[in-house]
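# Residue-level structure breakdown
Read off the chains here:
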Amino acid sequence: MLNMDVLKIINLGKSYPGVQALKDVNLSFQKGEIHGLIGENGAGKSTLIKILAGVVSSDVGEVYIGGSKAEIKSSKDASRAGLCFIHQELNLVEYFNVMENIFLGHEYPLKCGPFIDWKVLKRKAEEILDKLQVKIPLNIPVSYLSAVEKAMVAIARGFAVSGKIYFMDEPATALTDIEKEKLFTVIKILKNQGKTVVYVSHNLDDVLRITDRITVMRDGTVVECRPTGEMTRNSVITSMIGRNLESAFPNKNATPGQIVFKANSIKNNNIHNVSMEVHAGEILGIGGLVGSGRTELLELVFGITSLKEGQMFLNEEKYLPTSPEAAIERGVVLVPEERRKQGLVLSRSIYENISLMSLNHLATAGFLDHRKLKRKTEEAGRNVRLKTSNYSNHTGTLSGGNQQKVVFAKTVLNPPRLLLLDEPSKGVDVGARFEIYSIIQELAARGTAIIVVSSDFNEILGLADKILFIKEGEPTFIIENSNLDQERYLNYCYGREK
Amino acid sequence: MTNAKIQKKSDREFSSGKFIRTWGTLLGFILLLLIFTVIRPDVFPSGRNLKNVVEQVATLAIVASGVTVVMVTGDFDLSVGAIASLVGIVTAMLMKAGVNTPLSILLALLLGTGAGLINGVLISYGGLSAFVGTLATMTAFSGIALLISGGTTIFGLPENFRFLGQGSLGIIPFSVLIMAAALFSVYILLEQTIYGRRLYAIGGNSEASYFSGINTKKVRLLAFGISGFFAAIGGIVLTSRLYSAHPQAGSPFMLNAAAAVFLGMTAFREGEANLLGTLLGVLIMGVMGNGLNIMGINTYVQSILTGIIIILAVLISSLAKKKKV
């Protein structure tokens, strides 16, 4: 049996300041198996993969590859050991063409000394794309490709070198069903060739369908590792969550008031005929799969994209924002999905970040009122239980959870009428999550209407009063959030009623 | 336990690195003053010479304070030299055509601001990169200056125009007062106003600024307008100082202003354009030029040394940063 283990991990541990990311992880992957690796956000999957990829180093523990001890200190070590990584984030160079991107970071075939052998490069790229059964022109820059094609290029890159073990981190999120089938076919081919595929995904249906064995992680440890045949969707979910759903969320104490926001069959390129109402103090969850138009819906309400048809009303007045600036002026605020990219200016101080959205209220005639700014900023920081010794520090020095609290402090400083939340706990560790949820409930109790989007269905089930499900930009169901379980929730996401 | 130790160690490294990053350039400047004082104790530290230095850098400081505003957002303005030249020529031609001096100056200021706003429109609404956009307008503006002046120097300006660049209030040269006013107003703008906060926010993360309700395009547009305005003041003061207008008189501003801001980015704040830093950068360039002149070193060698100083300053501060990528 031991000979079958192509990769074995023994007692692996890793801690970051304040967080035990991995603890006593024991795990083995076998030759010729498709191995599912699942767990909630922050369960330790990414840390584990980063260690194997040589991006971060472990504190303790050993890794054996093919029976001998491996030291993976860099991404070169990892690829030399036969580990290939296909990431969910598409790190493509937009101006390079398809074949250049496929071979980016790998060794280019050479001829006559240092010159790239374009013929060989082209042939190899064609082989890889043929294997994936996709047709993408090789000579055009990646920037001209659709999102799906880009995803296929990123996947193709993982196949440019022949490895022993392929790690795929949410490879299918950007793919259509047809492309996904192609990917699964390729995965099967790899398995038949005796390779190992480690498949990391939040999509439990996919994982249950294609894998041979499943490992479930929670809070940095392996809680379960069994053949897929012995597991069901419910048993997987139970071991993923491992605790009572209610206890992860604070109690609601808001009583819904008047209608704050109303949309009448709003439409643009991504959103089709969505209607909704949100009352003061109410939390509306948006249910749906990745790519169903959830983020696009928030962007439309926040004025990033513009309305083609339909009407929106805010406190019974017409609402037609043309920019985030206009939306914020009307009291509509978005907590964006990409905290580091869209939510914060990491190189500036905590003071500056918290006050950035409300500068007009902290100045007279354009000149900053520093005393008021300091008082209001620190007050907002205290309200979100921000842990920092010095508000003059760069925001980039804070932990993920504290950074997200700074984003919330921006909204708390001047509470909005309508708050839009896109993945409010993304990348936040378990401990800080409860506090984020408490802040959301407190804002609701103060009369803010809230719309929340999340890929974490527990979050929607734990926070929302009612849920609007959308699929491909179209509304499917509006359901009161009572007696909903994960299975029914997912069925609604897929657009079917059970 | 080990974690705490590592944390502490990196804190200490951080603080010594931070000291160099914050104060290194200022220490370098003081060292420069000491070196010149030791070499020429009779000439360099005299009140008259130091006044000379300040007077020489006044126009550069005015232009560089405008460029600082643009560089805070992470953009770049190569056109300030050409704007200064064009504004000088236009002021001179207006006065020679019989327009009175104050009105000529006012119109020239409007011209410079307008030229800056053209940059802003091209870059923030047209989507050109700041480098390409201002490189193109620089070429065009200097073409206009050469065309309307016929490529020659304009002499014979009215007597009341001399005061800006050559007059003085008490013992303080008037150009130095204008410099002080320019520096002070930009300092207030950057540090005390909403607009300043927005500039720095955009420089740090333009996308997050947009999501925070900042009209990033408008803010950047205005920054180029401000840069053009100060380039115009610099051009007018320079024309008055030379008491003549040459269609390429302002061209040294292009690189010197950028160099001063870059030098300033190595001082006081980590890698950020800031006004005190710009002032320090301007002074370093002025003192270098003056000191080397006094020592009788020829101007070509001076250029080489200035280049080396800039490389050293930026290198030292980026080494202290220990950036991995």
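Above this note sits the structure.
Here goes a summary of the coordinates provided. (Residues numbered from 1 in each chain as written. Chains lettered and ligands numbered in written order. Predicted model: local features only at pLDDT ≥ 70, side-chain atom pairs only at ≥ 80, totals over all residues.)

## Quick look at the overall build of chain B
Helix and strand counts for chain B stand at 13 helices and 2 strands. The C-alpha atoms of chain B give a radius of gyration of 21 Å, which matches the 20 Å a tight globule of 325 residues would have. Overall, chain B is about 80 × 55 × 35 Å in size when its C-alpha atoms are taken along their principal axes. A burial count over chain B gives 46% of its 325 residues as buried. (Helix = DSSP H or I, 4+ residues; strand = E, 2+ residues; numbered from the N terminus. Rg over C-alpha atoms; globule rule 2.2 N^0.38 Å. Buried ≥ 20, exposed ≤ 12 C-beta atoms within 10 Å, placed from the backbone.)

## Brief notes about the nonpolar core
With 160 residues, the main nonpolar core has L420 and I450 of chain A together with A61, V63 and A257 of chain B as its most contacted residues. Broken down by element, this core gets its largest block of residues, 13 residues, from helix 2 (residues 47–72) of chain B. Setting aside residues no more than four positions away along its own chain, I450 of chain A makes contact with I283, L284, L419, L421, I440, L443 and A444 of chain A. Within the second largest apolar cluster, 65 residues are counted, among which are I51, A151, A172 and V197 of chain A. (Core = buried A, V, L, I, M, F, W, Y, C linked by C-beta atoms within 7 Å. Contact = placed C-beta atoms within 7 Å.)

## Digging into the sheet that holds strand 9 (residues 165–169) of chain A
Residues and elements named next belong to chain A. The 6 strands are arranged 6-9-10-3-11-12 in an open sheet whose pairing can be described as mixed. For this open sheet the edge positions go to strand 6 (83–86) and strand 12 (221–227), each flanked by a neighbour on one side alone. Within this sheet the neighbouring strands show an average axis-to-axis angle of 20°, counted without direction. Taken together, the 5 bridges between strand 3 (residues 34–39) and strand 11 (residues 213–218) define a ladder with parallel strand orientation. Each bridged residue has a counterpart across the sheet, and for G39 the counterpart in strand 11 is M217. Packed on one face of the sheet, helix 5 (residues 147–158) meets strand 6 and strand 9 and runs near 175° to strand 6. Docked against the sheet, helix 6 (residues 177–192) engages strand 3, strand 9 and strand 10 (196–200), running at close to 145° with respect to strand 10. (Pairing = 2+ DSSP bridges. Axes fitted to C-alpha atoms, helices over the stretch in contact; angles between N-to-C directions.)

## Topic: the interface of chain B and chain A
With 20 residues of chain B at the contact, the number on the chain A side is 25 residues. It is helix 8 (residues 194–204) of chain B that contributes the most residues to the side of chain B that touches chain A, 6 residues altogether. When the residues that make up the side of chain B that touches chain A are grouped by side-chain class, the tally is 8 nonpolar, 10 polar and 2 charged. (Nonpolar A, V, L, I, M, F, W, Y, C, P; charged D, E, K, R; others polar.)

## Digging into the pairing of strand 6 of chain A
Residue and element names in this part refer to chain A. Here strand 6 shows a buried face lined by L83 and F85 and a second buried face lined by C84 and I86. Sheet topology note: the strand 6/strand 9 ladder contains 4 bridges and is parallel. Bridge assignment links I86 to a residue of strand 9, and that residue is M168.

## Digging into helix 9 (residues 294–301) of chain A
Residues and elements named next belong to chain A. A large share of helix 9 lies buried, amounting to 6 of its 8 residues. Among the residues of helix 9, R294, L297, L298, E299, L300 and V301 are the ones counted as buried. Among the residues trailing helix 9, G303 stands out with phi positive, at a value near 85°.

## A few points about the sheet that holds strand 18 (residues 332–335) of chain A
Residue and element names in this part refer to chain A. The 6 strands lie next to each other as 18-21-22-15-23-24, forming an open sheet whose pairing is mixed. With partners counted over all chains shown, the strands left at the sheet margins are strand 18 and strand 24 (474–480), one partner each. Each adjacent strand pair in this sheet contributes to an overall mean axis angle of 20°, direction not counted. Looking at chain direction, strand 15 (residues 283–287) and strand 23 (residues 466–471) are connected through 4 bridges and run parallel. Bridge pairing links G287 to F469 in strand 23.

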